[in-house]
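# Secondary and tertiary structure notes
Below are the chains, spelled out letter by letter.
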Amino acid sequence: MFNIIFRGLATGAIYSLTATGIVLILSTTNVMNFAQGDTGMLLAYVAFLFIARRVPPILTLPVVVIAGILLGLVVDRGLMSKAKKSSHLGMVMITLAFTMIFEGIVATFFGNTPLLFPPLISGDPFIIGSTVFDRQNLLTIFIALVIFVVLFFVLYRTKIGIAARSIADDEYGAYVLGVPINRITNFIWALSFGVAGIAGLVTAPRLSLEPTFMVVVQLKAFIAAVLGGMNSVMGAILGGLILGVLENFIAYYIPAIKDSFSLILVVLILLFLPNGIFGKRETRRF
Amino acid sequence: MRRRIINLAGFALLLLIPVFLKSRPSFIGYINLAIIYAIAAEGLNLLIGVSGQISLGHAAFMAIGGYTSAILVMSLHVPSIVAIICGVIVSAFFGFIIGFPALRLKGFYLAIATMALGTAVTDIIRRLSITGGDQGLRNIPPIKIFNFSFSSEFSKYYLFLVLLILAVILIRNFLRGKGGMGLRAMRDSEFGAVSYGVNISYYKVLAFVISSALAGLAGALYAHSVSYLGPSNFGLALSIDFLAITIIGGLGTIGGPILGSVLWIIVPRLFGTRLESMATVIFGVILIIVVLTLPHGLYELIGKLNKLFRRTSQEQ
Amino acid sequence: MLKLINVSAGYGPIEVLHGISIDFGTDKIVAVLGANGAGKSTLVKTISGVVKPTKGSIIFNDIDITGKDPSELAKLGIVHVPEGRHIFPNLTVKENLLMGGYFRDKKENEEMLSFVFELFPILKERENQSAGTLSGGEAQMLAIGRGLMGKPKLILLDEPSLGLAPKVISEIFHVIKKLSDEQGLNVLLVEQNAKKALDIADSAYVLVLGKVVLSGRTDELKENEEVKKLYLGGSHV
C-alpha cells in the first residue's frame, strides 16, 4: 500500500511542478501556458545534448534551470509583452504555436524515434519493510520539495515575489502603485520555464525522450491545477500530489479506467467545483 | 460581369485540376486530404470564429465520425451513404452532449475541458476491441454509391469537392439567416445578445452540434479515403493543427479554413518529406505572426492585396 | 508644486477631460469636486500616469511629467491612492505596505512602516493578517498608509470616503489634515463628499462634464450659492 503512495507521490511531484509553472503564469499574467509541458520537453533534449557528451546526468539539472530561465526571459520580453494586445484566444494560440515550434525543432534535429534517457541517479532501491523506495523516485520527490521550498521563499520573503503576488491579486492596484509590472512578469516567466525544465528532466528517465513525451504530463498538470483552484501555487502542489496518488491507486485496483479517470474528473470538477478543492476567492475567467 | 467570368474560370479550373494532375495521383490524394481538413476546419471556424467558443478536442469528433462509419460498413455491411450519415449524426450527437457542459465554461476552462474530453475519446477508442484498439482499423473499404466505388483519388476529388461546396453553401446560408446573426451577436457581446432576446444556450449548443457534424463528416470521408484509422492520429496534436489552420486561414471567414487547409497539407509536401517537421515549426511561427498582426488570418491579407491590386489596375 | 496646463485626456476616442487647468500654488490641500461622471477619477489617473493626456502638459515641481508612467512618478514623489482602494487581499497588511515602498530601500521602508503604524495603530494590530479581512475603514487606512510608504511629496486621493461610515470618514480626514500640517504633505483630494472635502482643503476646483466651472479658496466656495445648492445641501453631506 505504501508502495502505491510512494510511487504516486513521485508521479504527483512531476504534476505539481508542471502545474505550479502554469499557475504562476496564469495568476500573474492571465495567460494559460499550453506550452508548459513542451518547454520541459525541449529543455530535456537540451540536457540530452550534454549527456551525449558524457556529462553526468545529475549535473544537467543546473543546465536546464538556466536554459529555462533564459528561454522564459526571451519569450516574455520578445513575445508575450507584444501579445498583450491580443485577445485571450490569441494568447492561447501563441502558446499552442510554441508547442508546434518546440516539437518541430526537436523532431527535426533528433527525429521522432524515442531516445533512452539515463536515470539521474543510479543504484539499488532502498527497502524498508515491504516498501520499495526506488532511488529515481526518491530523487524526484526530493528535488520537487526543494523547488517548492525555494518557490515559497521567493514568493513570500523576497520583494519581487511579494510583488508578483500583488500583481496576481490586483494588477491595477500594483500598476498604480508604481510596481514594475513588465519586469516582474519577465521574472515569473523565467521562473516558470526554469521549473518546467526541472519537470522535464525528472520525467525523461521515466518515459523515453520523444517530442510528445510531456504532453500527457501537461494534461495531468492542468487537471492538478484545476483541482487546486487554478490560482494558488499551494493548490497546484497539493492538487498534483493528490492526483498522482489517486491515479496510482486506481491503476492498481481498477486498471481499466486508469487513463480516463483523471480526464472525467477534471470535467466534473470544472462543472461542479469551479474553485477546485483549495481555490480561494473567485477564479479569474475571461 | 467581369467578376462572373473570373468566378466561372475559377470553377472550371477547380473541375480540371485532377485532369492536369492525372500523372501524379498521390498529389491529388493530398488535395483530397486538404478538402477533408477544410470541411472539418469550417466546422471549427463556426465554433470559434462565429460563436466565440473554443475547442481543443475537434479531432475527437472527426474520429467518432470516422470510426462509426467504418465500423458500420465493415461489421454490419451498411451501405456507404447510410454509414456516412450515421457517422455525421453520431458526431453531432456527441457535439450535442458536449455543448451543454460547455455552456457553463468559458475560455481557458472550456479549452481544458475540451482537451480532456478529446483525449478521453481517443483513450476509449484505444480500449475498445470493436475499434481495433491501438492498432486501429485497416482496409476500410472506399465509398460505394450505386455500385460505383470511389477508390481512385480522381473520383474522390469530385465527390469531396461537391461535399465541400455543399457544406460551404449550407454554412453561408445559415450565417446569413437568423442562426448566423444569433451566433455572431453572441460572440460579440453575450450581454447585448441576451437583451435582444437571443437564446444564448440554444445557439451555443447548436454551434457545437454543427461543428462536430462537419468534423464527423470529414472523419467519415477520411476513413473511407485513407482506409486506415488509428487512435493516435486523432489526438491533441490534430486538434491543435485544426486550430492553427483555422486561425492562419482566417477566423470568421468562409474562405479562411479552406485556405488554411490547403496551405497546411500542400505546402510541406512541396518541400519534400524530410522537411516535414520543419514545416511544423514554420507553421508555428506563421501562427504567431498571424495572431500578432493579422487577426483575420491570411484570408484577410489576400483580401487586402486584392483591393490593392484592383485599385492600382483601376488607376491605370 | 503641481500645475496642469490645458490638459485634455480620455479613453481611446472618448475625450473625458477638456482643457483642464489647475494650479496648486502654495496650497497644501486642493479638493476636486463634481458629480459622478464629471471626470474626477480620470483627472487623477491623468496626473498619476495611468491615462496619458492628449493635449496640454503637467508640471510637478518644475519637472514636466506629461505622459510619464506611474512607476516613474512614484519615484518622483507622486502617489495615487485609487478609487476603491485596490488593496491586495491575499497579502498581509505588512506586505501591502511594503509594496507601497517598492522603490525605497530597506531602511527607508522600516522607517516608514513605523511611521504608518503610529499613524494608524489599527494597522499595527492587524500587521500579519491578510488584507482581505479588513473592514472598509481599515482598508482605506491601509491604502493611504501604502501610499505614504513611498515617501511622497504629493498624494492623490480618489474618493477616500466611498462606502465608509461617517465616523470613519471623519477619522480619516483628520489624519489627512494632520499629515498635511505636520509633514508638509501635499494632497489632491477628489471627493463626492463636498462638505468634508471643503472642511480640510485650502482651495477647490469644481468639475462638470470634464471642464473646470468653478475654482477658488474654500471659504469663498463655501459661501457660493451654486456650490451650496448642488454640493452642500444635497445628499452628499
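All of these numbers come straight from a predicted model, not from anything done at the bench. (Residues numbered from 1 in each chain as written. Chains lettered and ligands numbered in written order. Predicted model: local features only at pLDDT ≥ 70, side-chain atom pairs only at ≥ 80, totals over all residues.)

### Focus on the overall build of chain B
Filter applied, for reference: The secondary structure listing takes helices from DSSP runs of H or I that are at least 4 residues long and strands from runs of E that are at least 2 residues long, numbered from the N terminus. Here the C-beta atoms are placed from the backbone, and a residue counts as buried if at least 20 other C-beta atoms lie within 10 Å of its own, exposed if 12 or fewer do, and partly exposed otherwise. For the purpose of contact definition, each residue receives a C-beta atom placed from its backbone, and two residues are in contact when these atoms lie within 7 Å.
Along the backbone of chain B there are 13 helices and two strands. In chain B, which comprises 316 residues, the share counted as buried stands at 50%. A sequence separation of at least 24 residues applies to 78% of the contacts in chain B between residues at least 6 apart.

### Topic: the overall build of chain C
To be explicit about the condition: Two things to know: the radius of gyration comes from C-alpha atoms, and the globule rule equals 2.2 Å times the number of residues to the power 0.38.
From N to C terminus, chain C includes ten helices and ten strands. For 237 residues, the compact-globule estimate of 2.2 N^0.38 gives 18 Å, and chain C sits close to it at 17 Å. The buried share of chain C, reckoned over its 237 residues, is 47%. Counting contacts in chain C only where the partners sit at least 6 residues apart, residues at least 24 apart contribute 68% of the total.

### Regarding the sheet that holds strand β4 (residues 55-60) of chain C
All names here are of chain C. In plain terms, the rule: Any two strands with at least two DSSP bridges between them are considered paired. Here, axes are lines fitted to C-alpha atoms. For helices the fit covers the stretch in contact, and angles between N-to-C directions go from 0 to 180 degrees.
Taken in spatial order, the four strands line up as β2-β1-β4-β5 in an open sheet, and their pairing is antiparallel. The open sheet terminates on both sides in strands that have one partner only, identified here as β2 (14-23) and β5 (63-64). For β4 and β5, the ladder comprises two bridges, and the chain directions are antiparallel. Residue pairing across strands places F60 opposite I63, the latter belonging to β5. Packed onto the sheet, helix α1 (residues 40-48) meets β1 (2-11), β2 and β4 and runs at close to 70° relative to β2.

### Regarding helix α1 (residues 2-29) of chain A
Rules: The span expected for a helix works out to 1.5 Å for each residue beyond the first.
An ideal rise of 1.5 Å per residue puts 40 Å on 28 residues; α1 of chain A measures up with 39 Å between its terminal C-alpha atoms. Phi turns positive one or two residues past the end of α1 of chain A, at N30 of chain A, with a value near 60°.

### Overview of the confidence of the model for chain C
The test is simple: The quantity called pLDDT is the predictor's confidence in a given residue, expressed from 0 to 100.
Scored by pLDDT, chain C comes out at a mean of 86, with 97% of its residues at no less than 70. Across the assembled chains, the prediction reports ipTM 0.87 with pTM 0.87.

### Overview of the environment of L21 of chain B
All names here are of chain B. Along the chain, L21 falls in the loop between α1 (2-20) and α2 (25-50). A tally of 18 C-beta atoms within 10 Å means that L21 is categorised as partly exposed. Put simply, L21 and T246 are 225 residues apart on the chain and 27 Å apart in space, counted from C-alpha to C-alpha. If we skip the residues at most four places from it in the chain, L21 touches F27 and I28.

### Let's talk about the interface of chain A and chain B
For clarity, the cut-off: In this classification, Asp, Glu, Lys and Arg are treated as charged, Ala, Val, Leu, Ile, Met, Phe, Trp, Tyr, Cys and Pro as nonpolar, and every other residue, Gly included, as polar.
At the interface, 35 residues of chain A touch 35 residues of chain B. For the side of chain A that touches chain B, the secondary structure elements donating two or more residues are α3 (60-83), α4 (88-110), α9 (215-227) and α11 (258-272) of chain A. Of the residues forming the side of chain A that touches chain B, the biggest block, 17 residues, is contributed by α4 of chain A. Split into classes, the residues belonging to the side of chain A that touches chain B amount to 24 nonpolar, seven polar and four charged.

### Things to note about the pairing of strand β6 (residues 78-81) of chain C
A regular strand carries its side chains on alternate faces of the sheet. Residues and elements named next belong to chain C. Of the two faces of β6, both are covered, the one formed by I78 and H80 as well as the one formed by V79 and V81. The pairing of β6 with strand β7 (residues 154-158) spans four bridges and is parallel. Looking at the pairing, H80 lines up with L156 of β7.

### Overview of the interface of chain A and chain C
Contacts between the two partners involve 17 residues from chain A and, on the opposite side, 21 residues from chain C. Taken together, the residues of the side of chain A that touches chain C sort by class into nine nonpolar, three polar and five charged.

### Brief notes about the arrangement of the chains
Sorting the two pairs of chains in contact by contact count puts chains A and B at the top. Spatially, chain B is disjoint from chain C: no contact exists, and the shortest C-alpha separation is 19 Å.

### Re the packing of α1 of chain A against helix α10 (residues 233-253) of chain A
Residues and elements named next belong to chain A. To keep things clear, this is the line we draw: Crossings are sorted by hand: turned counterclockwise from the far helix by less than a right angle, the near helix makes the crossing left-handed, and turned clockwise it makes it right-handed.
Contact pair α1 / α10: the axes reach a minimum separation of 6 Å and the direction vectors enclose 145°. Crossing geometry of α1 relative to α10 is assigned as right-handed. Residues that form the contact of α1 with α10 fall into these classes: 17 nonpolar, nine polar and two charged.

### A few points about the nonpolar core
One recurring pattern in soluble globular proteins is that nonpolar side chains are buried together. The criterion, for reference: Here, a nonpolar core means buried Ala, Val, Leu, Ile, Met, Phe, Trp, Tyr and Cys residues linked by C-beta atoms lying within 7 Å of one another.
Ranked by size, the top nonpolar core spans 266 residues in total, and within it Y37, A40, I112 and A218 of chain B together with L189 of chain C carry the most contacts. Those residues in contact with Y37 of chain B, other than ones at most four positions away along the chain, are A218, I245, S261, W264 and I265 of chain B.

### Some remarks on the confidence of the model for chain B
Scored by pLDDT, chain B has a mean of 82; 88% of the residues are at 70 or more. Averaged over each element, pLDDT in chain B is lowest for helix α8 (residues 190-195) of chain B (61) and highest for helix α3 (residues 58-76) of chain B (91).

### Observations concerning the sheet that holds strand β3 (residues 29-33) of chain C
Residue and element names in this part refer to chain C. The sheet built from six strands is open, its strands ordered β6-β7-β8-β3-β9-β10 with mixed pairing. In this open sheet, the two edge strands, each paired with only one partner strand, are β6 and β10 (211-217). Strand-to-strand twist across the sheet, computed as the mean angle between neighbouring axes with direction ignored, equals 15°.

### Notes on unusual backbone geometry
Backbone phi values are negative for most residues with the exception of glycine, while trans is the configuration of most peptide bonds. Phi angles above zero are rare outside glycine, and N139 of chain B is one such case at about 55°. Structurally, N139 of chain B is set in the loop between α5 (107-127) and β1 (143-145). Phi is positive for L209 of chain C, close to 45°, though the residue is something other than glycine. Residue position: L209 of chain C is located in the loop between β9 (203-208) and β10.

### Structural notes on the environment of F242 of chain B
Residues and elements named next belong to chain B. Mapping F242 onto the fold places it in helix α10 (residues 236-249). Residue class for F242 comes out buried when judged on the 29 C-beta atoms lying within 10 Å of it. Spatially, the C-alpha atoms of F242 and I165 are 19 Å apart, while their sequence positions differ by 77 residues. Ignoring anything within four residues of it in the chain, the contact list for F242 reads A40, A41, L44, H58 and A59.

### Some points on the pairing of strand β8 (residues 186-191) of chain C
Residues and elements named next belong to chain C. With six of six residues buried, β8 lies mostly within the body of the structure. The alternating pattern of β8 places N186, L188 and V190 on one face and V187, L189 and E191 on the opposite face, and all of these are buried. Across five bridges, the pairing between β3 and β8 is parallel. Bridge assignment links V30 to a residue of β8, and that residue is L188. Where β7 and β8 come together, five bridges link them in parallel fashion. By the bridge assignment, I155 is partnered in β8 with V187.

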